[in-house]
Amino acid sequence: MKDIAKRFPQNPLLLPKDIKPSREEFQVISLLNPGVFTFDSKTWLLVRVAESIAQKEGVIYFPALNSTGNTEIIEIPLNDPDLIATDARVISYKGLDYLTTLSHLRLLCSNDGIHFTEAPGYPPLFGMGYLERFGIEDCRVTQMGETYYLTYTAVSDSGVGVGMRTTTDWKMYEQKGMIMPPHNKDCALFEEKINGKYYALHRPSSKEIGGNYIWLAESPDGLHWGNHQCIIKTRAGLWDNARVGAGAAPIKTERGWLEIYHGANTEHQYCLGAFLMDPDDPFKVTGRTVEPIMMPVEPYELSGFFGFVVFTNGHIVNGDELIMYYGAADEFVCGAKFSIKEILSKIQTFEV
């Protein structure tokens, strides 16, 4: 099967070796899932940088922020009977889950959308407070007026929720706290109000009843969210049978709000699809792709820190052209282009 993505021939655009670690004793393990925006006539990526400490034989080390905001190194012998370390991303110790890496967000900019460098004077964003003790991840960026809204995954031993910060200049930020409590992630704000209300896609999770589905919520102020409704579920027998989650901010089209989303199967292989929401009532989903619009097929998507993954939460719209930046194999940052009309042509509409 062939997807409809037109991948950049320069892929991967960014590799872990391209970024200096935040501390001398750290090493950059992965670059993942950038938020994307335009600012000062340039294309910017807000890249998730996942770091760890060099491992020694017989022991596993991983970093975390302590209550004072400083980084501490947690050390566990590999032969400890309370240690479960079968996943490269997460370990379990004495009934608690920990990340093997500590993530922060790094700003990079480009004049051509292909070659990205860190811009002097634009500092990285690190976790703040006890609810971001294990780092911040996978930021979506939505611009409304002069304000940029950053919604990101906030990770701690208290759970995984959605944090928010806002900025107008990318140098000073206003901390808004956790806007969606655990367990929740993949939060993407619409780029304009609808009937005077803010809207956001998000992904609460349940290990028992329910599943990893896409929900929609509304808000009078962008901070306090209610009227939560589940709008997209997994589909048995298809590529998105295990979990689904929102990508970046929905795109306003003549047919309604277009959302690019990720889906995974039971083998943890991630693809991208799309669905449509009614332009005036986004709780009404009017169509959805049956087949993926993008699948992991290139070597840099199939092999990496966690292979068989394409994952996006950032894009730029230029007329019919959708310029998407995405994480590949949980290790590299890549780019691809789509025709919005072609994506819409792949959507199977249905009665609502």
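Below you will find a few notes about this structure. (Residues numbered from 1 in each chain as written. Predicted model: local features only at pLDDT ≥ 70, side-chain atom pairs only at ≥ 80, totals over all residues. Heavy atoms only, no water.)

Looking at the pattern of salt bridges
Scanning all chains against the criterion turns up 18 salt bridges. For Lys6, the salt bridge goes to Glu342, with nearest N and O atoms at 3.7 Å. One end of the pair, Lys6, is in strand E1 (residues 6-7); the other, Glu342, is in helix H2 (residues 340-346), with 336 residues separating them in the sequence. Glu342 sits in the partly exposed class, given a relative accessible area of 28%. Notably, a salt bridge pairs Arg133 with Asp157, separated by 3.2 Å at the nearest N-O pair. Of this pair, Arg133 sits in the loop between strand E10 (117-118) and strand E11 (136-144) while Asp157 sits in the loop between strand E12 (147-156) and strand E13 (159-167), and the two are 24 residues apart along the sequence. Bridged by salt links that share partners, the residues Asp3, Arg7 and Glu301 form one connected network. (Salt bridge = Lys/Arg side-chain N within 4 Å of Asp/Glu carboxyl O. Helix = DSSP H or I, 4+ residues; strand = E, 2+ residues; numbered from the N terminus. Buried < 20%, exposed > 50% of the residue type's maximum accessible area, 1.4 Å probe, protein only.)

Some points on unusual backbone geometry
The general pattern is negative phi for most residues beyond glycine and trans for most peptide bonds. Along the chain, Asn11 connects to Pro12 via a cis peptide bond; the corresponding omega equals -10 degrees. Cis geometry marks the peptide bond from Pro182 to His183, where omega comes out at -5 degrees. Mapped onto the elements, His183 comes out in the loop between strand E14 (174-180) and strand E15 (184-189). A positive phi angle, near 65 degrees, is found at Ser41, a position not held by glycine. Tracing the backbone through its elements, the reader meets Ser41 in the loop between strand E2 (26-39) and strand E3 (42-53). Note on Ser41: relative accessible area 78%, which makes it exposed.

So, the sheet that holds E3
Spatial ordering of the open sheet is given by E2-E3-E9-E10, a layout of four strands whose pairing is antiparallel. The outermost strands of the open sheet, each flanked by one partner alone, are E2 and E10. Pairing between E2 and E3: eleven bridges, direction antiparallel. Its bridge partner lying in E3, Phe39 is registered against Lys42. (Pairing = 2+ DSSP bridges.)

Describing the packing of aromatic side chains
Within this structure, the stated rule accounts for 17 aromatic pairs. Taken together, the aromatic side chains of Phe37, Phe39, Trp44, Tyr122, Tyr148, Trp170 and Tyr173 make up a single cluster linked through ring pairs. The ring centre of Phe26 lies 5.2 Å from the NZ or CZ of Arg23, which sits over that ring. Positioned above the aromatic ring of Tyr122, the side-chain terminus of Lys171 is 5.0 Å from the ring centre. (Phe/Tyr/Trp six-rings, centres within 6.5 Å; stacked < 30°, edge-to-face > 60°. Lys NZ or Arg CZ within 6 Å of the ring centre and 35° of its normal.)

Notes on the sheet that holds E11
Spatially, E11-E12-E13-E14 is the arrangement adopted by the four strands of the open sheet, whose pairing is antiparallel. Two strands in the sheet have a free side with no partner beyond their single neighbour: E11 and E14. Put simply, the sheet's adjacent strands are angled 25 degrees from each other on average, direction ignored. The pairing of E11 with E12 spans seven bridges and is classified as antiparallel. When the sheet's bridge partners are listed, Met144 is paired in E12 with Thr147. (Axes fitted to C-alpha atoms, helices over the stretch in contact; angles between N-to-C directions.)

A closer look at the environment of Asn33
With respect to the element layout, Asn33 can be found in strand E2. For the pair Asn33 and Glu208, spaced 175 residues apart in sequence, the C-alpha to C-alpha distance is 28 Å. Reaching out from Asn33, the side chain makes a polar contact with the side chain of Asp138 at a distance of 3.0 Å. (Polar contact = N/O pair within 3.5 Å; in protein donor to acceptor, adjacent residues only side chain to side chain.)

A word on the nonpolar core
If you look at the biggest cluster of nonpolar residues, it comprises 24 residues, and the most contacted ones within it are Leu258, Ile260, Met294, Leu322, Tyr326, Phe338 and Ile343. Elements represented by at least two residues in this core include exactly strand E21 (256-264), strand E22 (270-277), strand E25 (321-328), strand E26 (332-339) and H2. (Core = buried A, V, L, I, M, F, W, Y, C linked by side-chain atoms within 4.5 Å.)

Considerations on the pairing of E22
Extensive coverage of E22 is indicated by the burial of eight of its eight residues. In the sheet, E21 pairs with E22 via eight bridges, with the strands oriented antiparallel. By the bridge assignment for E22, Trp257 is matched with Met277. Counting the residues in the hairpin turn of E21 and E22 gives five residues, including His268, whose phi is positive at 65 degrees. Both E22 and strand E23 (residues 285-289) contribute to a ladder of three bridges, which runs antiparallel. Considered in E23, the bridge of Phe275 is made with Arg288.

Keep in mind that these numbers describe shape and distance, not what the molecule does.
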